[in-house]
Each structure stands twice: as structure tokens, then as C-alpha cells.
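Take a look at the letters that make up each chain.
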Amino acid sequence: MREKRSPAGRNANPANKHRGNSGHQHKKQFGQNFLNNQRVIDQIVMSIRPQAEDHMVEIGPGEAALTDPIIHVVKKLEIIEIDNDLIAPLKIKFASLPAFNLHHTDALKFDYNTLLDSADEQLRVVGNLPYNISSPLMFKLIEHAANIHDMHFMLQKEVVERICAEPGSKTFGRLSVMMQYFCQTEHLFDVGPENFTPPPKVDSAIVRLIPYKQKPLVACDEALFADLVRQSFSLKRKTLRNNLKGWLDANQIESCGINPSVRAEQLPVSAFVALANKLYEIKNR
């Protein structure tokens, strides 16, 4: 992420069109699209509302557009960056600050438990997530939901719409069910491609995820619940009866108050919890 650049002049070098102020060459394999609009950066920081006592985690700081306004406020900022070329600039800019902690690693492989100073500590997580790893990374972070106060992510707009979708909509699916089971979800605002360097081919959006400390719905076995949700959406145009064949029969589905002829996208999160708990009951008789 970086500050807004001035328009390229007539003699600008085309080779530099995807370089930021630091001269960093944006790397497609890391999904690097860095914010270039200070107004949008300010809007994101205002939504996050960093506080002096926060222990915050930033995934993929890029050129530090969010890092800079946050690190001067919070008690501790854990920065996770995979790109070798960005490590030195981050150290030069922030290493002297007491909040600075840099982890040169892959966010998908990182052990977030190592960040905790105590068993009940609450982390706040932020990031402009690469589109190609956003879903698996969110699923990984959900495993640590008990130690996460909230998460604010820049994601592909379509992904945010899926996370926050209502049952019966075209965008409602496995990601909707899983994220809504574990978190309160809120689509905050959209960010157009023109606010990034290089501009992505899709719109982006900011989502707020607040993990439940006491879930309104509880699956007896959350691994089984996750498997059942995946299976329910395995063939999107098939009915629940067909997708859950070999898992639950029509009578067992009906015993949960659910019509076996509906498609999974028509069901609320509570229905998947009921189905998973019925399957758990059958398996543990």
C-alpha cells in the first residue's frame, strides 16, 4: 500500500507503471494491489478505530499505507509479510518503534498462537488480502476465533457479498454459512479499482468480522458441521436430498423441520446446525 502518486508524465517509463513510491515492483504471484488514495486509507483506519491498548495483526502491509497510521497508536503491531523485497523498507521505516514486530512468513502457514501473550488475549486483525488466498486465510483465522476480537479486511467485493449474503440470494453459499456461524459480518463500503496500483480488474470492499464469544447457534461437532456444509453445497443446483445422500435420508432431514427438496442456498445457518446435530446424534447412538 502507498500514498497517492501524481499522474505519469509524457515521458514516464512504461516499465515503472506498476511501481510504488518505494520503487517496489508489484508481484502478481502475491496478488499485490496497493492502495493509492489517502481518503480511502483514512476511511479504513476510521472504521478500524485502533486503540492504544490494542494488540493488532496486519497481514500483507505492502508499502505500509495502513501500517503507518496504525503503528503510532497501538501497543503492539504484528506485521506479516511474505515478500522479501518489502522486508527491508518496513524495517527501515518502523524498526525503531516499540510497537513494531515483523514476521517474514506466509500468512497461510503462520502459527497465530505464537503471538499471544496470554491464553485469553484478544488480537485485532487487519489486512488488504490477496484475492487468491482470502477464503483459505479467513478459514485459518477462524480456527483462532477465541483469541480474535475483530477482523477488518479488504477483499474482492464479490467475496464480501458472499460472506454477508442472506439465504435465498444467488451469492449465499458455503462461505456465507461458515463465516456467519462464527462471526457477526458487516459489509462496510466498496473501493473501486482506481484506488489501487496496479488497478485490479474487480471491485473491492471492506468487511468487518466479529467472532462470537458466545455463538447464538452451536454445532455439537464443528468439524462435522463444516463437512456437512461443504457437502450440502457440493452440487449447487441439486436438492438437499441429493447432496446429502449417504449422509442423511429424506426422513432424517424432515425431522429437522427442513424440506429435503430445497437447495442448500435457500436455508438459514440454523438449518445447517440442525442437520449437523442430527448427523452427530445418529453417529453417536
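Keep in mind it's a predicted model, so treat the numbers as computed, not measured. (Residues numbered from 1 in each chain as written. Predicted model: local features only at pLDDT ≥ 70, side-chain atom pairs only at ≥ 80, totals over all residues. Heavy atoms only, no water.)

Q: If you had to explain the overall build of the protein chain to someone new, which residues and values would you point to?
A: A count of helical and extended segments in the protein chain gives ten helices and nine strands. Counting only residues that meet the buried cut, the protein chain has 48% of its 285 residues in that class. Expressed as a percentage of contacts within the protein chain between residues at least 6 apart in sequence, the contacts between residues at least 24 apart total 64%. For the protein chain, the accessible area works out to roughly 14,100 Å², and carbon and sulfur atoms hold 49% of it. (Helix = DSSP H or I, 4+ residues; strand = E, 2+ residues; numbered from the N terminus. Buried < 20%, exposed > 50% of the residue type's maximum accessible area, 1.4 Å probe, protein only. Contact = heavy atoms within 4.5 Å. Areas by Shrake-Rupley, 256 points an atom, 1.4 Å probe, with all protein chains shown as cover.)

Q: So what's going on with the side chain of E58? Which residues, and what values?
A: Turning to its location among the elements, E58 is positioned in strand β2 (residues 55-59). Despite its burial, E58 pairs with no opposite charge; the closest candidate is K93, at 11 Å N-O. One polar contact links E58 to T67, side chain to side chain, over a distance of 2.5 Å. When neighbours within four sequence positions are excluded, E58 is seen to be in contact with L66, T67, L77, E78, I79, I80 and V126. (Lys, Arg positive; Asp, Glu negative; His and termini not counted. Salt bridge = Lys/Arg side-chain N within 4 Å of Asp/Glu carboxyl O. Polar contact = N/O pair within 3.5 Å; in protein donor to acceptor, adjacent residues only side chain to side chain.)

Q: An account of the packing of aromatic side chains is needed here, citing residue identities and associated values.
A: A complete count under the given rule lists six aromatic pairs for this structure. When the ring of F110 is compared with that of Y112, the centres are 5.0 Å apart and the planes differ by 85°; the resulting orientation is edge-to-face. Taking the centre distance of 4.8 Å and the plane angle of 90° together, the rings of Y181 and F182 count as edge-to-face. For F182, a relative accessible area of 11% gives the class buried. Members of the aromatic cluster, connected to one another through ring pairs, are F172, F233 and F272. (Phe/Tyr/Trp six-rings, centres within 6.5 Å; stacked < 30°, edge-to-face > 60°.)

Q: Break down the pairing of strand β4 (residues 100-104) for me, citing the residues and quoting the values.
A: Sheet faces and side chains relate simply in a regular strand, where the side chains alternate between the two faces. By the bridge criterion, five bridges tie strand β3 (residues 76-81) to β4 in an arrangement that is parallel. Residue pairing across strands places I80 opposite H103, the latter belonging to β4. Crossover handedness for the path β3 to helix α3 (residues 84-94) to β4: right-handed. (Pairing = 2+ DSSP bridges. Right-handed = clockwise from strand over helix to strand, strands pointing away.)

Q: Outline the packing of helix α6 (residues 174-182) against helix α10 (residues 269-283), listing residues and values.
A: Close contact between α6 and α10 brings their axes to 9 Å; oriented N to C, the two are set at 85°. One way to sum up the angle between α6 and α10 is to call them roughly perpendicular. Residues V177, Q180 and Y181 of α6 touch α10, and the partners they reach there are V269, F272 and V273. Grouping the amino acids of the contact of α6 with α10 by side-chain chemistry returns five nonpolar, one polar and no charged. (Axes fitted to C-alpha atoms, helices over the stretch in contact; angles between N-to-C directions. Parallel < 35°, antiparallel > 145°, perpendicular 65-115°, else oblique. Nonpolar A, V, L, I, M, F, W, Y, C, P; charged D, E, K, R; others polar.)

Q: Could you give me a rundown of the environment of V74, with the residues and numbers involved?
A: By the element assignment, V74 lies in the loop between α2 (67-71) and β3. Owing to a relative accessible area of 7%, V74 belongs among the buried residues under this scheme. Spatially, the C-alpha atom of V74 lies 9.7 Å from that of P98, the residues being 24 residues apart in sequence. Not counting residues up to four positions away in its chain, the partners in contact with V74 are P50, Q51, A52, D54, M56 and A99.

Q: Talk me through the pairing of β2; I want residue IDs and the actual numbers.
A: The buried fraction of β2 is high, at five of five residues. On β2, burial covers both faces: H55, V57 and I59 on one face and M56 and E58 on the other are all buried. In terms of strand pairing, β2 meets β3 through five bridges, oriented parallel. If you follow H55 over to β3, its bridge partner there is K76. Judged from the five bridges that link them, β2 and strand β5 (residues 123-128) form a sheet pairing that is parallel. When the bridges of β5 are listed, E58 appears paired with V126.

Q: If you had to explain the environment of A274 to someone new, which residues and values would you point to?
A: On the secondary structure map, A274 appears in helix α10. Note on A274: relative accessible area 27%, which makes it partly exposed. For the pair A274 and I253, spaced 21 residues apart in sequence, the C-alpha separation works out to 9.1 Å.

Q: Report on the nonpolar core, specifying residues and quantitative values.
A: Ranked by size, the top nonpolar core spans 58 residues in total, and within it I59, Y112, F153, F225, F272 and L275 carry the most contacts. The greatest single-element share of this core, amounting to seven residues, is contributed by α10. Once residues within four sequence positions are removed from consideration, L275 is found in contact with L228, L240, L244, L248, I253, C256, I258 and L267. V45, M154, V191 and I206 belong to the second-largest nonpolar core, a separate cluster that totals 25 residues. (Core = buried A, V, L, I, M, F, W, Y, C linked by side-chain atoms within 4.5 Å.)

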